[in-house]
Amino acid sequence: MAELYQTLLVPILFEPYAAEMAIAADQSKPGSVLELAAGTGALTRALRATLDPPTEIVATDLSQAMIDIGAPTVTMSRTHWMHADAQNLPFAPEMFDLVICQFGAMFFPDKVKAYSEAERVLRSKGRFLFSTWDSLSANDFASCVDECLAGLFPSDPPDFLRRLPYSYFDPGAIKAQMSSAGFKAVTCNRLELTSVAASAQDVAAAFCQGTLLRGEIEWRAPERMSEIVDEVAERVEARHGARPSGGMSALVVAGSVS
């Protein structure tokens, strides 16, 4: 799953936002950056290409499988990879100028705890910057995949997309949780981009085999994965073309430490 995530899902969904997040990160010219839920390094690579060369970057993730794929893609000096839980960071207080996370916050079981940990390891005037997906209906490819799977499994549709990645988009709730964790001047801005894929088959495989949807599909129909991917691809192509292009929407959240 981690390999398909890297080869298919990262270019389709994560690289466009990584470029924007890296530009936002560079605004404060941080000397040290902690990345949470780095995955296979889409944002890590963008940060390394955008920030000043002396900037220290520590990329962390809870999944060693993701780190094993991501770490070899960013081997430049002053870039370090670590296995770490965002809710229990293995760092002393006030170690970083910026904590950043791309599309990981919605997976934190205790978001205020994770945000409090980010606040703890930030220096005075430091910033916490993260992105989270907008609603499923505002993200074309994900919505199309979800609708197709609901039709294929009408009595028990796989709900991973709406239950986790596309479930955390209420600006009021997000700002309240950030404030509870000690952050000031919290902002939450919508950022809409366009996703382009090489083929509808890539989109279908990316979502159905490169995310935790895979387990939900295999649990329901372990022998039908190839057939299901083909059916999802047909739906994506019918709606978004042979070289699919679709809208994406996310929220970019920022808060500062006094």
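Residues numbered from 1 in each chain as written. Predicted model: local features only at pLDDT ≥ 70, side-chain atom pairs only at ≥ 80, totals over all residues. Heavy atoms only, no water.

> Can you walk me through the packing of aromatic side chains in this structure?
In this description, an aromatic ring pair is defined by two values, namely the gap between the centres and the angle between the planes. What the rule picks out here adds up to 13 aromatic pairs. Plain terms: the ring middles of Phe-128 and Phe-130 are 5.2 Å apart, the flat faces sit at 40° to each other, and that makes the pair tilted. Judged by relative accessible area, which is 0%, Phe-128 ranks as buried. Taking relative accessible area as the criterion, Phe-130 reaches 0% and is therefore assigned buried. Through a chain of ring-to-ring contacts, three or more aromatic side chains come together here, namely Tyr-5, Phe-14, Tyr-17, Phe-103, Trp-133 and Tyr-166. Above the face of the Tyr-168 ring, Lys-111 is positioned so that its terminal group lies 4.9 Å from the ring centre. (Phe/Tyr/Trp six-rings, centres within 6.5 Å; stacked < 30°, edge-to-face > 60°. Buried < 20%, exposed > 50% of the residue type's maximum accessible area, 1.4 Å probe, protein only. Lys NZ or Arg CZ within 6 Å of the ring centre and 35° of its normal.)

> Which parts of the structure should I look at to understand the pattern of salt bridges?
As a working rule, side chains carrying opposite charge can pair if their charged atoms are close by. In this structure the tally under the stated criterion is 12 salt bridges. Between Arg-239 and Glu-147 there is a salt bridge, and its shortest N-O distance comes to 3.0 Å. Placement of Arg-239 in helix α10 (residues 225-240) and of Glu-147 in helix α5 (residues 140-152) is noted, with a sequence separation of 92 residues between them. Residue class for Glu-147 comes out partly exposed when judged on its relative accessible area of 36%. Bridged by salt links that share partners, the residues Asp-159, Arg-163 and Glu-216 form one connected network. (Salt bridge = Lys/Arg side-chain N within 4 Å of Asp/Glu carboxyl O. Helix = DSSP H or I, 4+ residues; strand = E, 2+ residues; numbered from the N terminus.)

> Explain the nonpolar core to me, please; I cannot follow it from the model alone.
Nonpolar side chains in soluble globular proteins tend to be buried together. With 74 residues, the main nonpolar core has Tyr-115, Phe-128, Phe-130, Trp-133, Phe-183 and Phe-207 as its most contacted residues. A per-element tally of this core places helix α1 (residues 2-26) first, with nine residues. Leaving out residues up to four positions away in the same chain, Phe-207 has contacts with Leu-9, Leu-13, Phe-141, Ala-142, Val-145, Leu-161, Tyr-166 and Leu-213. In terms of nonpolar packing, the next biggest core, distinct from the first, is built from 16 residues, Ala-24, Ala-25, Ile-100 and Ala-254 among them. (Core = buried A, V, L, I, M, F, W, Y, C linked by side-chain atoms within 4.5 Å. Contact = heavy atoms within 4.5 Å.)

> I keep staring at the layout of surface pockets and nothing clicks. Help me out?
Take a probe with the size of a water molecule and roll it over the atoms, and the empty space left behind shows itself. Here the largest pocket defines a volume of roughly 840 Å³. As for the largest pocket, its lining consists of 39 residues, of which Tyr-5, Asp-61, Met-66, Phe-103 and Phe-107 are closest to the centre. Elements represented by at least two residues in the lining of the largest pocket include exactly α1, α2 (42-50), α3 (64-70) and α6 (160-163). When residues in the lining of the largest pocket are grouped by element, the largest group, six residues, is from α1. In the lining of the largest pocket, the residues fall into 29 nonpolar, seven polar and three charged. (1 Å grid on protein atoms, 1.4 Å probe; cavity = no way out; pocket = protein on both sides within 12 Å on 5 of 7 lines; lining within 4 Å. Points joined across faces, edges and corners; volume = space filled by probe spheres on them. Nonpolar A, V, L, I, M, F, W, Y, C, P; charged D, E, K, R; others polar.)

> Sorry if this is basic, but what is going on with unusual backbone geometry here?
Where the residue is not glycine, phi is negative for most of them; where a peptide bond is considered, it is trans in most cases. Notably, Arg-78 is not glycine yet its phi reads approximately 65°, a positive angle. Structurally, the position occupied by Arg-78 is in the loop between α3 and β3 (79-83). The phi torsion at Phe-103 lies on the positive side, around 55°, for a residue other than glycine. By the element assignment, Phe-103 lies in the loop between β4 (96-102) and α4 (111-121).

> I keep staring at the environment of Leu-193 and nothing clicks. Help me out?
Mapping Leu-193 onto the fold places it in strand β6 (residues 184-196). Dropping the residues within four chain positions of it, Leu-193 is found in contact with Pro-16, Tyr-17, Glu-20, Gly-246, Gly-247 and Met-248.

> How should I be thinking about the sheet that holds strand β5 (residues 122-133) in this particular structure?
The pairing of strands in a sheet happens through backbone hydrogen bonds and is either parallel or antiparallel. If you trace the seven strands from one edge of the open sheet to the other, you get β3-β2-β1-β4-β5-β7-β6, paired in mixed fashion. Each edge of the open sheet carries a strand with a single partner, namely β3 and β6. With strand direction ignored, the average angle separating the axes of adjacent strands in the sheet is 20°. Two strands pair when backbone bridges link them, and strand β1 (residues 32-36) and β4 are joined in this way by four bridges, in the parallel orientation. Following the sheet pairing, Glu-35 is matched in β4 by Ile-100. Each of β4, β5, β6 and β7 (245-256) touches α1; the most contacted strand, β5, lies at about 155° to it. (Pairing = 2+ DSSP bridges. Axes fitted to C-alpha atoms, helices over the stretch in contact; angles between N-to-C directions.)

Scope: geometric values only; no functional claims are made or implied.
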